[in-house]
Amino acid sequence: MNSYLLPHGQAAHLADRLAPRLADALARGILLLQSFGHAMRMPSPGVPEASAQLLRMAESYEATQPSYAADLRAAAGMSERSAFSAD
């Protein structure tokens, strides 16, 4: 078994220089893993599902907030049109 001894104080100096970089790399790795986990757990709805959801919301708001319901219907229409132009 080989062992290497650093002169007195150099180990602490080396650790002081490497610790912030290591902590930053670990934090970035954890954030990257979390973002992958969120992407795998919560897939975004496709355009048809999103439009249908907006239209259902519009129906539920029609009686109490008709202008908001109209905005929701317009958003559903815009999302459908953007889906056709993306194809």
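Located above this text is the structure these notes cover.
Since the structure is predicted, the reported quantities are computational estimates derived from the model, not experimental observations.

A. Spotlight on the overall build of the protein chain. On a plain count of helices and strands, the protein chain comes out with three helices and zero strands. Each helix (α) and strand (β) of the protein chain, taken in turn from the N terminus, gives the series α-α-α. When the accessible surface of the protein chain is split by element, carbon and sulfur atoms take 64% of a total near 7,600 Å².

B. Spotlight on the pattern of salt bridges. The tally for this structure, following the rule as stated, stands at two salt bridges. The salt bridge involving R28 is made with D24; its shortest N-O contact spans 3.0 Å. Taken as a pair, R28 and D24 lie in helix 1 (residues 10–41) at a separation of four residues, close to a single helical turn.

C. Inspection of the packing of aromatic side chains at higher detail. One pass over the structure, following the stated rule, counts one aromatic pair. For the pair Y61 and Y68, a centre-to-centre distance of 4.9 Å together with 85° between the ring planes defines the contact as edge-to-face. The class for Y61 is partly exposed, based on a relative accessible area of 30%. Judged by its relative accessible area of 32%, Y68 is partly exposed.

Criteria and cut-off values
Residues numbered from 1 in each chain as written. Predicted model: local features only at pLDDT ≥ 70, side-chain atom pairs only at ≥ 80, totals over all residues. Heavy atoms only, no water. Helix = DSSP H or I, 4+ residues; strand = E, 2+ residues; numbered from the N terminus. Areas by Shrake-Rupley, 256 points an atom, 1.4 Å probe, with all protein chains shown as cover. Salt bridge = Lys/Arg side-chain N within 4 Å of Asp/Glu carboxyl O. Phe/Tyr/Trp six-rings, centres within 6.5 Å; stacked < 30°, edge-to-face > 60°. Buried < 20%, exposed > 50% of the residue type's maximum accessible area, 1.4 Å probe, protein only.

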